[in-house]
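# Structural overview for review
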Amino acid sequence: MDTVILEANEENIAKCAEMLKKGEVVAFPTETVYGLGANALDAVAAAKIFKAKGRPATNPLIIHVADKQQIYSVAEVNEGARKLIDTFMPGALTLVLPKKGNVPDIVTAGYDTVAVRMPDHKVALELISKAGVPVCAPSANTSARPSPTRASHVYDDLKGKIPVILDGGMCPLGLESTIVDMTKTPPKVLRAGAVEIDEVAKVIGDLDTEKVMVDTLAALKVPVGYVPKAELVFSAFYDNMSDVINKYYDSNKNVHGYRPVIFCMNFNADKYKGRNVMLMGESVAEYAKLLFERIREAENLDYNLIIAEGVPMGGMGTTVLSRLIKLSGGKVI
Ligand code: TXA
Ligand code: MG
C-alpha cells in the first residue's frame, strides 16, 4: 500500500473524513502527538489500527471527540468527570469512564471502561467533526517506538501500512495526554502527561498517583514502553550534573562504537564545549515538547548514545522524568 502525506487543508481534511466514514484509517495531528484514527464505532476499522501498529489486542485505544456532547454518547459521565471536562477539554487530558454499549470491545480491549479525550487542535477537531463519528486513535508510531510529533515521524514508522497521513506540522505539546481513571475512588492517574497532575488535583481534590510511581519504578527493572534506536541514559538533576555527563560522554566516545550526543537546556550548552549537543529549549515545558522530536533527530544523525540532562521533579518535570525513565529503562548516570 502507498502511503500519502496530505497537507491539512480544508479539502484534504474533508477527504480524510470521508475515508474514516468508509472504515479506513487516517493518521492526523493533535496538540500532543500524531494519532492513527478510525471510526470508533466500527470494529473492523479499529482492527486495522492494531494491525498497522503491531499493537497487542490487550491495549485499549483512546476515543477522540469533536465536542463535549459526544463524550456522553460513548461514556457515562459522573460529577468529577464533568468538572474535568469543563475545565480541561479541549485539551491534553484523557478520562477513563464506564463505557456505553455502542463502543465495540476491540476498542476497549474488552474492558467495561473507555478512555476519552477532546483534542485541542483545529485539524483534529475538524476531521472528527466532519467524519461525524467519534474517532479511536493511539499514537501513530509503531508499537514501542517514541510517539510521533511530525508527519515525517509517522511516515518513517508506518509507511506502506496506512493509506494517508494528514500533515498539520509539528505537534504543539510534543508528548502524550495525562490519563486519569475516573472509575476509581479517588480517581487514579494512569499516565503523567501534558497536563500537570497538580492542576487536575486542584479541580477534583484527592488523586491516586501510586501507579505513576510504581510504573516508573518498574521501568527501572523491566524496560517497557519506548525503544529508541539510540541508547539513552540520563543524569539526575543537580548543580554539577554537567561534570558527570561530560565524564560519561568522554569515557564512552569512540568506545564500543558509540557516537554520543548530549541533550541539554540551551543555557547549559557552554558546559559541554567541544562535544555534540542538541538543545532542549529554555524551560522544562520546552524540554517536554522537544524530547521525542530530538530523539528521532539524533537517530537520523546516526548518534547511538544519548546522554540527557535531568530536570527537577514536580509539574512537567515529573512527566519528563517518567519519559526519560521509560526511554532509558532506568539508566541513570
Ligand atoms: O495524547 C495522547 O493521548 C495521544 C493522542 C493521539 O491522543 N494518544 C495516545 O494513545 O498516546 P496511546 O494509545 O499511545 O496511549 C493510550 C493509553 C494506553 O496506555 C492505554 O493502555 C490507555 O491509554 N488506555 C486506553 N483505554 C483505557 C482504558 N479503558 N482503561 C485504562 N487505560 C486505557
Ligand atoms: Mg502510544
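Refer to the structure above for everything that follows.
Residues numbered from 1 in each chain as written. Chains lettered and ligands numbered in written order. Predicted model: local features only at pLDDT ≥ 70, side-chain atom pairs only at ≥ 80, totals over all residues. Heavy atoms only, no water.

Another point: helix α7 (residues 151–158). Taken as a whole, α7 has its buried residues at A151, H153, V154, D157 and L158. All buried residues of α7 project into a common sector of 160 degrees when viewed along the axis, lining one side. Those residues of α7 hidden inside the fold are in contact with β1 (4–7), β2 (26–28), β3 (35–39), α2 (43–53), β8 (164–167) and α11 (284–300). At the C-terminal side of α7, G160 shows a positive phi close to 85 degrees. (Buried < 20%, exposed > 50% of the residue type's maximum accessible area, 1.4 Å probe, protein only. Helix = DSSP H or I, 4+ residues; strand = E, 2+ residues; numbered from the N terminus. Arc of directions from axis to C-beta. Contact = heavy atoms within 4.5 Å.)

Pairing between the strands of a sheet is mediated by backbone hydrogen bonds and can be parallel or antiparallel. If you trace the four strands from one edge of the open sheet to the other, you get β11-β14-β12-β13, paired in parallel fashion. Bordering the open sheet on either side are β11 (231–234) and β13 (277–279), each of which pairs with just one other strand. Each adjacent strand pair in this sheet contributes to an overall mean axis angle of 25 degrees, direction not counted. Direction of pairing for strand β12 (residues 260–264) relative to β13: parallel, over a ladder of three bridges. By the bridge assignment for β13, C264 is matched with L279. The sheet strands contacting α11 are β11, β12, β13 and β14 (305–308), and the helix crosses β12 at an angle near 165 degrees. (Pairing = 2+ DSSP bridges. Axes fitted to C-alpha atoms, helices over the stretch in contact; angles between N-to-C directions.)

Right, let's talk about the site of ligand 1 for a bit. In the vicinity of ligand 1 lie 22 residues, with T32, N59, H64, S177 and R191 positioned nearest. Within the side chain of N59, a nitrogen or oxygen atom sits 2.6 Å from an oxygen atom of ligand 1. Measuring from an oxygen atom of ligand 1, one finds a side-chain N or O atom of R191 at 2.8 Å. Protein contacts shield 87% of the accessible area of ligand 1, which totals 680 Å² for the unbound molecule. Among the secondary structure elements, those contributing two or more residues to the shell around ligand 1 are β4 (62–64), β6 (113–117) and β10 (188–191). Sorting elements by how many residues they give to the shell around ligand 1 places β6 first, with four residues. Of the residues assigned to the shell around ligand 1, the class counts are eleven nonpolar, seven polar and four charged. (Near = heavy atom within 4 Å. Polar contact = N/O pair within 3.5 Å; in protein donor to acceptor, adjacent residues only side chain to side chain. Areas by Shrake-Rupley, 256 points an atom, 1.4 Å probe, with all protein chains shown as cover. Nonpolar A, V, L, I, M, F, W, Y, C, P; charged D, E, K, R; others polar.)

Tallied over the full model, the rule gives zero disulfides. Between C136, a cysteine without a disulfide, and C16, which holds the nearest cysteine sulfur, the sulfur-to-sulfur distance is 16 Å. What makes C136 buried here is its relative accessible area of 0%. Of the cysteine sulfurs around C171, a residue in no disulfide, the closest is that of C16, at 15 Å. (Disulfide = S-S within 2.5 Å.)

With the rule as written, the count across this model stands at 19 salt bridges. Between D157 and R296 there is a salt bridge whose closest N-O contact spans 3.0 Å. With a gap of 139 residues between them, D157 in helix α7 and R296 in helix α11 connect regions that are remote in the sequence. A single burial state applies to D157 and to R296, both of which are buried. A single salt-bridge network, built from bridges that share partners, covers E10, K122, E126 and K130. (Salt bridge = Lys/Arg side-chain N within 4 Å of Asp/Glu carboxyl O.)

What follows is about helix α1 (residues 10–21). Spanning twelve residues, α1 covers 17 Å between terminal C-alpha atoms, matching the ideal 16 Å at 1.5 Å per step. For α1, every residue scored as buried is listed here: N12, I13, C16, A17 and L20. The buried side chains of α1 occupy one side of the element, clustering within an arc of 145 degrees when seen end-on. Here the buried face of α1 lies against β1, β2, β3, α6 (122–131), β7 (135–137) and β8. (Expected span 1.5 Å × (residues − 1).)

On to the packing of α11 against helix α12 (residues 316–328). A pair of packed helices is characterised by two quantities: the angle between their axes and the separation of those axes. As a packed pair, α11 and α12 sit with axes 8 Å apart at the nearest point and diverge in direction by 25 degrees. As the angle between them shows, α11 and α12 are arranged roughly parallel. As α11 packs across α12, the resulting crossing turns out to be left-handed. From α11, V284, Y287, A288, L291, F292 and I295 reach across to α12, where they touch M316, G317, V320, R323, L324 and L327. Split into classes, the residues belonging to the contact of α11 with α12 amount to ten nonpolar, one polar and one charged. (Parallel < 35°, antiparallel > 145°, perpendicular 65-115°, else oblique. Left-handed = near helix turned anticlockwise from the far one by under 90°.)

Moving on, we get to the pairing of β12. Within β12, five of the five residues are buried, leaving the element largely enclosed by the surrounding structure. Side chains of β12 alternate between two faces, with P260, I262 and C264 and V261 and F263 buried alike. Strand direction decides the pairing type here: β12 and β14, joined by four bridges, are parallel. By the bridge assignment for β14, I262 is matched with I307.

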